[in-house]
Amino acid sequence: MHFETLQMISLNGEHAKPNDDRCGCTSNLAWVVDGATNMGPAGLLGAQGGAAWLASTTNSLFAASRKRDLKSACETVFDQIEMCFEAERTRDPIADWEMPKAAFSAVQLSDDKVSIAWAADCPALLARKDGSVQWCTGEPDTSGEAADALALGAGVGAQPLTGAALDERRAHRGRSDHFALGVRASAAKAVTRYAGLSVSDGDEVILMSDGFASLITDYDVYSAEGFAQAIRAKGLAELASEIRAIEQEDAACMRYPRFKVSDDATALWLKVVG
């Protein structure tokens, strides 16, 4: 069996700002990486922001992977990220909040099984040809982040974070229990979770950053089943338009508390063939 790419899309949250998401696919390995928003100006890794650097580096390393086992592939990537970071950083970090972090999910196909790896909030769905749908990465829950945004004040995401709000987010990012992919291999290995599911010819896998999954998790437009049906009926571009329309209607971030009006939104829609 192998993967065929049906569609992929990756939109930045603001037209003039870099996209910190990446995605890619080979015949048996696919991934989505969502770099965590930078909390300060670039400088730790030269002119490139840490989020984009980590997403790009992870993307390149997965693309070059030839490991047949997903856990081995991920742990090799984590080791290589740490080596790249130490070789490429231009100074010491100001504080722990400046250390690049990211969410990711990856899937690897072997015979009639798909292996899944993930850290933080890049969810993945398996949409079977019989119409059933299940979360590969566990059902996502973004209520905590919405509550955090609301706690900082109604509409906090409508403007760039400054002052006490920025200080709070930096403290949150720098916590030792902030679970995400980072530039320390041991920490990435500790937080990454793994699972496996059987698959058949004609099944589909949808990998997403949280910005794309927001139609399910934040805006309550679709159930997981309805989301898979909508992708098949409309395609990824139409669903991306739906996301942006909802966000522009709530540009004040009052109905849906969040830390920015629009997040980077990435999705990769694959079909199992063979």
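See the structure printed just above.
Computed from a prediction, not measured in an experiment: that's the story for all the values here.

About the cut-offs
- Residues numbered from 1 in each chain as written.
- Predicted model: local features only at pLDDT ≥ 70, side-chain atom pairs only at ≥ 80, totals over all residues.
- Heavy atoms only, no water.
- Helix = DSSP H or I, 4+ residues; strand = E, 2+ residues; numbered from the N terminus.
- Rg over C-alpha atoms; globule rule 2.2 N^0.38 Å.
- Contact = heavy atoms within 4.5 Å.
- Areas by Shrake-Rupley, 256 points an atom, 1.4 Å probe, with all protein chains shown as cover.
- Lys, Arg positive; Asp, Glu negative; His and termini not counted.
- Charge placed at Lys NZ, Arg CZ, Asp CG, Glu CD.
- Axes fitted to C-alpha atoms, helices over the stretch in contact; angles between N-to-C directions.
- Parallel < 35°, antiparallel > 145°, perpendicular 65-115°, else oblique.
- Left-handed = near helix turned anticlockwise from the far one by under 90°.
- Buried < 20%, exposed > 50% of the residue type's maximum accessible area, 1.4 Å probe, protein only.
- Pairing = 2+ DSSP bridges.

1. What about the overall build of the protein chain?
Step number 1: Helix and strand counts for the protein chain come out as eight helices and 11 strands.
Step number 2: For 274 residues, the compact-globule estimate of 2.2 N^0.38 gives 19 Å, and the C-alpha radius of gyration of the protein chain, at 18 Å, lies within 12% of that figure.
Step number 3: Residue pairs in contact within the protein chain that sit at least 24 positions apart in sequence constitute 74% of those at least 6 positions apart.
Step number 4: Working note: accessible area of the protein chain is about 12300 Å², and carbon and sulfur atoms make up 50% of it.
Step number 5: On the protein chain, the mean spot of the 26 positive side-chain charges and the mean spot of the 39 negative ones are 4 Å from each other.

2. Details of the packing of helix H1 (residues 50-64) against helix H2 (residues 70-88)
Working note: a packed helix pair is described by the angle between its axes plus the distance between those axes.
Step number 1: At a minimum axis separation of 10 Å, H1 and H2 run at an interaxial angle of 135 degrees. The angle between the axes of H1 and H2 places the two elements in the oblique class. For the pair H1 and H2, the sense of crossing is right-handed. Of the residues in H2, those in contact with Trp53, Leu54, Thr57, Thr58, Leu61 and Phe62 of H1 are Cys74, Val77, Gln80, Ile81, Cys84, Phe85 and Glu88.

3. Thoughts on the pairing of strand S4 (residues 101-110)
Step number 1: Most of S4 sits inside the fold, with nine of its 10 residues counted as buried.
Step number 2: Two elements, S4 and strand S8 (residues 181-182), share two bridges in a ladder whose sense is antiparallel. Considered in S8, the bridge of lysine 101 is made with glycine 182.
Step number 3: Sheet topology note: the S4/strand S5 (residues 113-119) ladder contains seven bridges and is antiparallel. Bridging across to S5, leucine 109 finds its partner in valine 114.
Step number 4: Where S4 hands over to S5, the hairpin turn is made up of two residues, of which aspartate 111 adopts a positive phi near 55 degrees.

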